[in-house]
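# Tertiary structure, described
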Amino acid sequence: MPSFKSHLVSFILRHSRKKAFASPENLQRWIAYARKTEDHHPPALLRERLDITERSVDGFPVYEIAPKAGERRRILYMHGGAYVFQITSYHWGLIAEMAERLGFGITVPIYPIAPEHDFHAMFGMVGDVYRQMLDETDAEDIVFMGDSAGGNMAVVLTMMAAEEGLPLPSRHVLISPGLDMSLSNPEVFEAERNDPWLGISGGLEAIRMYSAGIDRSDWHISPLYGDLSVLPQTLLLTGSHDLLSPDNLIFAKKARAAGVDVQVVYEEGMFHVWPLIEMPEARRARDSIVAFLEGEPTKRRATARRTARPALAARPAQAAE
């Protein structure tokens, strides 16, 4: 049974954040307000607890949380926010706990977001971050982790790296990822009624602003339709009150059929990205993430395909005008 805290958070979300996704106009108003208040810097308390440095890639900040002495493994964490909102203190809280419990180094790119930037700028930047990681760390010691839009980015980035023939990360941790942005599954519209946070109308506006005219069913936007066989061992966390959950379960089924080892944490009564919010269900989810990443990864069944694509940020086909 969902905890009292989760019911309270769900109530607050339904009467606050849900409004942002009620319409395109509402989303645009929320973005305009967010730009006046957003701060991507790690909270001061985290800087006291962790060794955090900042550098720049393609003109955007990248934060590095140093690993424990002797630890090789690293996480590339891509934050959520519907591609239009900045990293939050909730993301930093999860990142800090993973750094402290696992001892891995964690790389956090503050990637360009929409509507000021689009798909090509986003993946150009995170692609360059991954390339630099590969210069320093073996791919078998790299994990991609992301929530919501960041979960989408983790999968798309792996697929783009596979097309180019780059070494691929050893594991994925996907928290409430958006994997089918076509939103063509009728179950999604049914699920929207139970979702206290996300809405289809505002969600489609966010996709329009970041997708650079690429068709929503293109795998660069909806990785559910890409080559899932290239993906690594995956932990996917999804809740029954998340409108993205029906497509997440389809993704897990398709990926398993393609030979990918996928573990699913499906939490009844949970809403979008619940592991980021301090409550009993989030503690269970974080324990699952730690257990997954502390174990030995399974051997990859698929190998990356080499093609003539010149770069991670290569331009996919545009939608018809």
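Preceding this paragraph is the structure being described.
Here we summarise the structure given alongside this text.

Thresholds applied
- Residues numbered from 1 in each chain as written.
- Predicted model: local features only at pLDDT ≥ 70, side-chain atom pairs only at ≥ 80, totals over all residues.
- Heavy atoms only, no water.
- Core = buried A, V, L, I, M, F, W, Y, C linked by side-chain atoms within 4.5 Å.
- Buried < 20%, exposed > 50% of the residue type's maximum accessible area, 1.4 Å probe, protein only.
- Helix = DSSP H or I, 4+ residues; strand = E, 2+ residues; numbered from the N terminus.
- Contact = heavy atoms within 4.5 Å.
- Pairing = 2+ DSSP bridges.
- Axes fitted to C-alpha atoms, helices over the stretch in contact; angles between N-to-C directions.
- Arc of directions from axis to C-beta.
- Expected span 1.5 Å × (residues − 1).
- Polar contact = N/O pair within 3.5 Å; in protein donor to acceptor, adjacent residues only side chain to side chain.
- Parallel < 35°, antiparallel > 145°, perpendicular 65-115°, else oblique.
- Left-handed = near helix turned anticlockwise from the far one by under 90°.
- Nonpolar A, V, L, I, M, F, W, Y, C, P; charged D, E, K, R; others polar.
- Phe/Tyr/Trp six-rings, centres within 6.5 Å; stacked < 30°, edge-to-face > 60°.
- Lys NZ or Arg CZ within 6 Å of the ring centre and 35° of its normal.

One finds V173 and L293 to be the most contacted residues of the largest nonpolar core, which totals 109 residues. Top contributing element to this core by residue count: helix 6 (residues 149–164), with 10 residues. Excluding residues that lie within four positions of it along the chain, L293 makes contacts with R73, I75, L102, F104, V143, M145, R171 and V173.

On the basis of which strands lie adjacent, the open sheet formed by eight strands has the order 1-2-4-3-5-6-7-8 and mixed pairing. Lying at the two open borders of the sheet, with one neighbouring strand each, are strand 1 (52–57) and strand 8 (262–267). Mean inter-strand twist for the sheet, computed between neighbouring axes without regard to direction, equals 20°.

Next up on the list: helix 1 (residues 4–14). Those residues of helix 1 lying buried are S6, V9, S10 and L13. Down the axis, helix 1 shows its buried residues gathered within 100° of arc, on one side only. The exposed residues of helix 1 that point more than 90 degrees off its buried face are F4 and F11. For helix 1, the secondary structure elements touched by its buried residues are helix 10 (280–294).

Right, let's get into helix 5 (residues 119–136). Here helix 5 contains 18 residues, and its C-alpha end-to-end distance of 26 Å stays within 8% of the 26 Å for a straight helix at 1.5 Å per residue. For helix 5, the full list of buried residues reads F119, H120, M122, F123, G124, M125, V126, G127, V129, Y130, M133 and L134. Put simply, D118 is the residue that caps the front of helix 5, since its side-chain oxygen is 3.1 Å from the backbone nitrogen of H120.

What follows is about the packing of helix 5 against helix 6. At a closest axis distance of 11 Å, the pairing of helix 5 and helix 6 adopts a crossing angle of 70°. Comparing their axes, helix 6 and helix 5 come out roughly perpendicular. Helix 6 is crossed by helix 5, and the crossing has right-handed handedness. Residue-level inspection shows F119, M122, F123, V126, G127, Y130 and R131 of helix 5 in contact with helix 6, the latter providing M153, V156, L157, M160, A161 and E164. Here the residues of the contact of helix 5 with helix 6 are counted per class, giving 10 nonpolar, one polar and two charged.

Quick look at the packing of aromatic side chains now. Using the criterion set out here, one finds four aromatic pairs in the structure. Taking 4.6 Å as the distance between ring centres and 35° as the angle between the ring planes, the aromatic pair formed by F119 and F123 counts as tilted. Of this pair, F119 and F123 are both found in helix 5, four residues apart, which corresponds to roughly one turn of the helix. Accessibility classification places F119 together with F123 in one group, the buried group. Positioned over the ring face of F85 is R17, at 5.3 Å from the centre of the ring.

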